[in-house]
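So you can see what is in the structure, the chains are spelled out below.
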Amino acid sequence: MGWDTITKSANDRANAALPDTEKARKDFSWNDARQELSGLPGGGLNIAHEALDRHVAAGHGAQCAIRWLGASGETRDFTYEHLQRNASKFASVLTRHGIGKGDRLFSMMGRVPELYFAALGTLRAGVVFTPLFSAFGPEPVRTRMEIGEASALITTAAIYRRKIASWRAEIPSLKLVLIVGDDAPEDCIALGPEMDRAPDRFEVMQTDPEDMALIHFTSGTTGRPKGVVHVHEAVVAHAATGRFALELRPGSVYWCTADPGWVTGTSYGIISPLVNGVTMVVDEAEYDLDRWYRTLEREKVEIWYTAPTAIRMMMRAGQDAAAGYDFSNLKFLASVGEPLNPEAVVWGKEVFGKPFHDNWWQSETGGIMIANTAAMDIKPGSMGKPLPGIEAGIVETAGDELSECAPEEVGELALRPGWPSMMRAYLNEEARYAKCFRDGWYLSGDLAMRDSDGYFWFVGRADDLIKSSGHLIGPFEVESVLIEHDAVAEAAVIGIPDETAGEVVKAYVVLNPGFDASDEMERTLRGHARKRLGPAVAPREIVFRQSLPKTRSGKIMRRLLKARELGLPEGDISTLETDEK
Amino acid sequence: MTRNEIRTAFVDELTRIAPDIDGKTVSDKDHLMDDLGLDSMDILNLVTAIQTRLGVSVPETDYPRLETLEKAVEYLAGKLG
């Protein structure tokens, strides 16, 4: 490994949320954590109530909840009370249009203030909130809205016209489409006027801790994407893990750069910071080096939660690009999405004066599970140790029964179920859900090892899923779109290493008779995939083959393609029937 | 290199990276991300390709100066000038 451990001082530990991590782990109970929230009368629990009403009731209504930075340079502040009123208005709008408890609202838009009103208003109304990434092409959106049986959608006119209008009528469950702004296309409702006339009081829906609150979509190796179901009780974990792993505390200035279209941007870009009473910075614009550095300086950001791809982009620009900025307000830096390389951990220390603290979790876990906390010494490249309330292990899955691996042995990263933000289901996919659990463990699908000091290290995926810019991409979804093209007979999709994005999507394609491999064909197919899937999911590279390696049962061996791409041993190829040509 | 040649080279590389875009319909004021739908990895790949093709160096801090075709041509013409 060769990287020196970054040791923390007594002062670092004294100021940390968990000064003594081991002791905190022993003393912690989820029941105690629940008591720190106020809950609803009669044992109910509602995320939006904990995020807003609790603070307003305690006299913090005038505190800034969101400092919103518009793409064109404007700044707008929303206090906790503003947010509460706007969330109430949004909940009123939903109710007025017949959307209520148990219905599902999908969002597909950039980071505008209405997104935050919608998320919190939706939860307030007892409606399930399901965010989608606004850069998705029409295909992933449609698939997810079908699986999730969307009742309502909030989006922008541009996204609606480009990606949704043509198939909207084919989603029978969809009753309401809200459009941000004052004008709306046909069959849609403009949100602006609706909000203007909606009452700004709306009593929080009496939701039960086990009522469905959020659906996050995640990719599978085979089949359609999975709708990961979370309930209102998840807020107990959002609250506690935000304190433990991110040092969130009332009044902190916090910037989570993740988009709410992904799970990080919801759990730690909306819920956890608000529940913990912080002032969060929301930037509408996409990554831009100077803008980010200026934002850190001008907004006096104290806690920054970002992602490896962004950090590596900053590193490419070099340390000089950061010179002249004042980062002295930064207290805590964290990263998630994929393993943060040791160089990047250390680079944080050189440029920002603080190392990045990597942590690990996934859509299914709903919140941070394993982390380098503020008091812990950091072994650069490690994801850290399990948070209080979390029991993690490395298990061998090959035998009849799971067995725990010895230190330094590679196995599948597994967790003991029972924390509040654990997924409750994959929507309508009981068999796939059941497959995640064995012998009392939840199996994460990630391969990892635990060293003799108890630190966990990511090794790779146990399946064929691709991690690009921190987003999980299912090869099947990409292959399906490629095969839809007349020219394509077969397709296999893998992730290949990329120094900035971690992995990028590469496709191997067999053409139908009558079609010739050429640069033009490569562009045509990539163009087709980008139109249908969006740039984040579509292949960045396509190569042509006469045939793909397949098993006797006809399954394409993606693993073999990848091993060859990386020059690794091919492993067991006893089931190989036809090989790549 | 004339501005027209720079423009052609830029559109050429742009549509190679994002073949979903029709080079003929790209207008000078289209924003690469907001209007043409590029993501940050596309931008990175585009700048790398432009650097190689035109033999100029574009530091990361200058990326926003290539956010529309018009701005990019202006910027690159200055560099090549």
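## Focus on the overall build of chain A
And then number 1: Assigned secondary structure in chain A consists of 18 helices and 30 strands.
And then number 2: For chain A, whose C-alpha radius of gyration is 24 Å, the value lies close to the compact-globule estimate of 25 Å for 581 residues.
And then number 3: In chain A, which comprises 581 residues, the proportion classed as buried is 61%.
And then number 4: Element-wise, carbon and sulfur atoms account for 48% of the exposed surface of chain A, whose accessible area totals about 22,200 Å².

## Thoughts on the overall build of chain B
And then number 1: On a plain count of helices and strands, chain B comes out with three helices and zero strands.
And then number 2: Rg of the C-alpha trace for chain B: 11 Å, near the compact-globule value of 12 Å for 81 residues, within the 12% margin.
And then number 3: Considered along the principal axes of its C-alpha atoms, chain B spans approximately 30 × 25 × 20 Å.
And then number 4: Per-residue burial over chain B gives 49% buried out of 81 residues.
And then number 5: Summarising the internal contacts of chain B: among those between residues at least 6 apart in sequence, 51% fall at separations of at least 24.
And then number 6: Accessible surface, chain B as shown: approximately 3,900 Å² in total, 47% of it carbon and sulfur.
And then number 7: Computing the positive centroid from 9 side-chain charges and the negative centroid from 16, chain B places the two 6 Å apart.

## Describing the pairing of strand β27 (residues 502-511) of chain A
Consecutive side chains of a regular strand alternate in pointing toward one face of the sheet and then the other.
All names here are of chain A.
And then number 1: β27 sits mainly inside the fold: nine of its ten residues count as buried.
And then number 2: Between strand β26 (residues 488-498) and β27, which pair antiparallel and follow one another directly, the connecting turn spans three residues.
And then number 3: In terms of strand pairing, β27 meets strand β28 (residues 541-544) through four bridges, oriented parallel. Each bridged residue has a counterpart across the sheet, and for V509 the counterpart in β28 is F544.
And then number 4: The parallel pair β27 and β28, bridged by helix α17 (residues 519-533), forms a crossover whose chirality is right-handed.

## Describing the interface of chain A and chain B
And then number 1: Taken together, the contacts link 21 residues of chain A with 21 residues of chain B.
And then number 2: For the pairing of chain A and chain B, the buried interface totals around 1,700 Å² over both sides, and the portion due to carbon and sulfur atoms is 55%.
And then number 3: Taken as a group, R523, R530 and R540 of chain A account for 32% of the area that chain A buries against chain B, more than any other trio of residues on that side.
And then number 4: Between R540 of chain A and D39 of chain B there is a salt bridge, with its nearest N and O atoms 2.8 Å apart.
And then number 5: Taken together, chain A and chain B are joined by seven residue pairs in polar contact (both at pLDDT 80 or more).
And then number 6: Elements supplying a minimum of two residues to the side of chain A that touches chain B: α12 (289-298), α13 (308-317) and α17 of chain A.
And then number 7: It is α17 of chain A that contributes the most residues to the side of chain A that touches chain B, five residues altogether.
And then number 8: Classifying every residue of the side of chain A that touches chain B by side-chain character gives eight nonpolar, three polar and ten charged.

## Considerations on unusual backbone geometry
Residues and elements named next belong to chain A.
And then number 1: Even without being glycine, E247 reaches a positive phi, approximately 65°.
And then number 2: You can see E247 is positioned in the loop between α10 (234-246) and β10 (253-256).
And then number 3: We note that D439 has phi near 50°; this positive angle belongs to a residue other than glycine.
And then number 4: Looking at where D439 falls in the secondary structure, it is placed in the loop between β21 (437-438) and β22 (441-450).
And then number 5: For D439, a relative accessible area of 44% gives the class partly exposed.

## Topic: the packing of helix α1 (residues 3-17) of chain B against helix α2 (residues 40-54) of chain B
Residues and elements named next belong to chain B.
And then number 1: Two elements in contact, α1 and α2, have axes whose closest approach is 10 Å; the angle formed by their N-to-C orientations is 140°. Comparing the axis directions of α1 and α2 gives the class oblique. Relative to α2, the crossing made by α1 is right-handed. Residues I6, A9, F10, D12, E13, L14, R16 and I17 of α1 form the contact with α2, whose own contacting residues are D42, N45, L46, A49, I50, R53 and L54.
And then number 2: Taken together, the residues of the contact of α1 with α2 sort by class into nine nonpolar, one polar and five charged.

## Describing the pattern of salt bridges
Residues and elements named next belong to chain A.
And then number 1: Counted by the stated rule, this structure contains 61 salt bridges over all chains.
And then number 2: The salt bridge involving E391 is made with R416; its shortest N-O contact spans 3.7 Å. Of this pair, E391 sits in the loop between β16 (385-386) and β17 (392-396) while R416 is found in the loop between β19 (410-415) and β20 (425-426), placing the two residues 25 residues apart along the sequence.
And then number 3: Classification of E391 by relative accessible area gives partly exposed; the value is 43%.

## Brief notes about the packing of aromatic side chains
Residue and element names in this part refer to chain A.
And then number 1: The final tally for this structure, using the stated rule, is 25 aromatic pairs over all chains.
And then number 2: Taken together, the aromatic side chains of W255, Y287, W292, Y293, W304, Y325, F327, W347, F352 and F356 make up a single cluster linked through ring pairs.
And then number 3: Sitting above the plane of the W441 ring, R416 keeps its charged end 3.9 Å from the centroid.

## Structural notes on α10 of chain A
Residues and elements named next belong to chain A.
And then number 1: The terminal C-alpha atoms of α10 lie 17 Å apart, and with 13 residues this matches the ideal 18 Å at 1.5 Å per residue to within 8%.
And then number 2: Among the 13 residues of α10, twelve are classified as buried, and the element is accordingly described as predominantly covered.
And then number 3: Within α10 the residues assigned to the buried category are A234, V235, V236, A237, H238, A239, A240, T241, G242, F244, A245 and L246.
And then number 4: Backbone geometry just downstream of α10 places E247 in the positive-phi region, at approximately 65°.

## Describing the domain arrangement of chain A
Residue and element names in this part refer to chain A.
And then number 1: Looking at the assigned domains, one finds that chain A contains domain 1 (44-61 + 71-284), domain 2 (287-358 + 374-381), domain 3 (389-463) and domain 4 (467-578).
And then number 2: Between the C-alpha centres of domain 1 and domain 4 there is a distance of 34 Å.
And then number 3: Contact residues are listed per partner, giving 16 residues for domain 1 and 17 residues for domain 4.
And then number 4: With both chains or domains summed, domain 1 and domain 4 bury close to 1,200 Å², and 57% of this area falls on carbon and sulfur atoms.
And then number 5: Among the residues of domain 1 in contact with domain 4, E139, S219 and W262 are the three that bury the most area, contributing 36% of the side total.
And then number 6: Where domain 1 packs against domain 4, one counts two salt bridges.
And then number 7: Residue R144 is joined to E477 by a salt bridge in which the shortest nitrogen-to-oxygen separation is 2.7 Å.
And then number 8: On inspection of domain 1 and its partner domain 4, the count reaches six residue pairs in polar contact (both at pLDDT 80 or more).

Reading the values: rules and limits
Residues numbered from 1 in each chain as written. Chains lettered and ligands numbered in written order. Predicted model: local features only at pLDDT ≥ 70, side-chain atom pairs only at ≥ 80, totals over all residues. Heavy atoms only, no water. Helix = DSSP H or I, 4+ residues; strand = E, 2+ residues; numbered from the N terminus. Rg over C-alpha atoms; globule rule 2.2 N^0.38 Å. Buried < 20%, exposed > 50% of the residue type's maximum accessible area, 1.4 Å probe, protein only. Areas by Shrake-Rupley, 256 points an atom, 1.4 Å probe, with all protein chains shown as cover. Contact = heavy atoms within 4.5 Å. Lys, Arg positive; Asp, Glu negative; His and termini not counted. Charge placed at Lys NZ, Arg CZ, Asp CG, Glu CD. Pairing = 2+ DSSP bridges. Right-handed = clockwise from strand over helix to strand, strands pointing away. Buried area = accessible area lost by both parts, 1.4 Å probe. Salt bridge = Lys/Arg side-chain N within 4 Å of Asp/Glu carboxyl O. Polar contact = N/O pair within 3.5 Å; in protein donor to acceptor, adjacent residues only side chain to side chain. Nonpolar A, V, L, I, M, F, W, Y, C, P; charged D, E, K, R; others polar. Axes fitted to C-alpha atoms, helices over the stretch in contact; angles between N-to-C directions. Parallel < 35°, antiparallel > 145°, perpendicular 65-115°, else oblique. Left-handed = near helix turned anticlockwise from the far one by under 90°. Phe/Tyr/Trp six-rings, centres within 6.5 Å; stacked < 30°, edge-to-face > 60°. Lys NZ or Arg CZ within 6 Å of the ring centre and 35° of its normal. Expected span 1.5 Å × (residues − 1). Domains from an automatic or database assignment.

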